[in-house]
Amino acid sequence: MGSLPRTLELFYDVLSPYSWLAFEVLCRYKNIWNVSLQLRPTLIAGIMKDSGNRPPALLPRKALYVKNDVRLLGQHLQVPIHLPKDFFFVVFEKGSLTAMRFLTVVKLEHPELLEKVSRELWMRIWSRDEDITEPQSILAAAEKAGMSTGQAQELLERVSTPQVKNQLKETTEAACKYGERKGGS
């Protein structure tokens, strides 16, 4: 008789290439490692603001490192990751707010689809250099993940509700509080 799986929470934002790499590794090995993976859609911008951290892409040496590191990790982990052609516009102007709110609704209403919809949004931005901010883009990702058009449209209509906004904010705050726990872990 095997031991019960340990719970592992992944706080992630589809705007982060490192989140995608971690997501794929954890999804790939969760059964082998005997972990129950809990996906937690979060806003990386909120974490950056709370921590006082600056995005690596804004620091020239770190930006160069990230570009090479993401490429090499993608090859090593067999994840088809490529930086968007207009990286700064995609990451800093467009962002991921609506996509992350959509994933929050998916987690609330159809958690069984969260992994697939998350992956499709990552594929759009980091593999195919496609949009993740416009409603039709989010709907396309949801449908490709196996959600019906009606289901996806219904969830998309809820992204601006107080319930969804508050849930995403609470999850982001929970991620920020992890470092404040006793013992720093």
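To keep things clear, this report deals only with the structure shown in the data block. (Residues numbered from 1 in each chain as written. Predicted model: local features only at pLDDT ≥ 70, side-chain atom pairs only at ≥ 80, totals over all residues. Heavy atoms only, no water.)

### A short note on a nonpolar patch on the surface
Next up, step 1: A cluster of nonpolar side chains, contributed by L58, F88 and F92, occupies part of the molecular surface with about 260 Å² of accessible area.
Next up, step 2: Structurally, F88 can be placed in helix α4 (residues 87-94).
Next up, step 3: For F88, a relative accessible area of 43% gives the class partly exposed. (Patch = residues over 30% accessible without salt bridge, like charges linked within 9 Å, V, L, I, M, F, W, Y side chains within 5 Å. Areas by Shrake-Rupley, 256 points an atom, 1.4 Å probe, with all protein chains shown as cover. Salt bridge = Lys/Arg side-chain N within 4 Å of Asp/Glu carboxyl O. Helix = DSSP H or I, 4+ residues; strand = E, 2+ residues; numbered from the N terminus. Buried < 20%, exposed > 50% of the residue type's maximum accessible area, 1.4 Å probe, protein only.)

### Overview of the packing of aromatic side chains
Next up, step 1: Evaluation of the coordinates by the stated rule reveals 9 aromatic pairs.
Next up, step 2: Here Y12 and W122 contribute two aromatic rings whose centre-to-centre distance is 5.1 Å and whose plane-to-plane angle is 35°, an arrangement assigned as tilted. Here the residue Y12 occupies a position in strand β1 (residues 6-12), and W122 occupies one in helix α6 (residues 114-127), the gap between them amounting to 110 residues.
Next up, step 3: Aromatic side chains F87 and F92 sit 6.5 Å apart centroid to centroid with 80° between the ring planes, which places their arrangement in the edge-to-face category.
Next up, step 4: Residue class for F87 comes out buried when judged on its relative accessible area of 18%.
Next up, step 5: Overall, F92 belongs to the partly exposed group, its relative accessible area being 32%.
Next up, step 6: Pairwise contacts between aromatic rings join F87, F88, F92 and W126 into one cluster. (Phe/Tyr/Trp six-rings, centres within 6.5 Å; stacked < 30°, edge-to-face > 60°.)

### Some details on the side chain of T104
Next up, step 1: Tracing the sequence through the fold places T104 in helix α5 (residues 97-109).
Next up, step 2: T104 gets classed as buried once you look at its relative accessible area, which sits at 4%.
Next up, step 3: Ignoring anything within four residues of it in the chain, the contact list for T104 reads P41, V164, Q167 and L168. (Contact = heavy atoms within 4.5 Å.)

### Quick notes on unusual backbone geometry
Across the chain, the bulk of peptide bonds are trans and the bulk of non-glycine residues have phi less than zero.
Next up, step 1: The phi dihedral of N34 is positive, around 55°, even though this residue is not glycine.
Next up, step 2: Structurally, N34 can be placed in the loop between α1 (17-29) and β2 (35-41).
Next up, step 3: For D129, which is not glycine, the phi dihedral falls at a positive 55°.
Next up, step 4: Position of D129 among the secondary structure elements: in the loop between α6 and α7 (135-144).
Next up, step 5: In this structure D129 comes out as partly exposed when scored by relative accessible area, which is 32%.

### Regarding the layout of surface pockets
Next up, step 1: Approximately 640 Å³ is the volume attributed to the largest pocket.
Next up, step 2: Forming the walls of the largest pocket are 27 residues, and the residues nearest its centre are L15, S16, I44, M48 and P55.
Next up, step 3: Where the lining of the largest pocket is concerned, the elements lending two or more residues are β1, α1, α2 (44-51) and α4.
Next up, step 4: Among the elements that line the lining of the largest pocket, the one with the most residues is α2, at 5 residues.
Next up, step 5: Residues belonging to the lining of the largest pocket are distributed by class as follows: 19 nonpolar, 7 polar and 1 charged. (1 Å grid on protein atoms, 1.4 Å probe; cavity = no way out; pocket = protein on both sides within 12 Å on 5 of 7 lines; lining within 4 Å. Points joined across faces, edges and corners; volume = space filled by probe spheres on them. Nonpolar A, V, L, I, M, F, W, Y, C, P; charged D, E, K, R; others polar.)

### Here's the deal with helix α3 (residues 60-77)
Count 3.6 residues to each turn of an α-helix, and residues three or four apart come out pointing the same way.
Next up, step 1: With 18 residues, α3 should reach 26 Å at 1.5 Å per residue; the first-to-last C-alpha distance of 26 Å fits that figure.
Next up, step 2: Along α3, the positions that sit buried rather than exposed are V66, D69, V70, G74 and L77. Buried residues along α3 cover an arc of 130° about the axis, so they all sit on one side. In this structure, α3 carries P60, R61, L64, Y65, K67, Q75 and H76 as exposed residues pointing more than 90 degrees from its buried face.
Next up, step 3: Among the structural elements, α1 are those in contact with the buried residues of α3. (Expected span 1.5 Å × (residues − 1). Arc of directions from axis to C-beta.)

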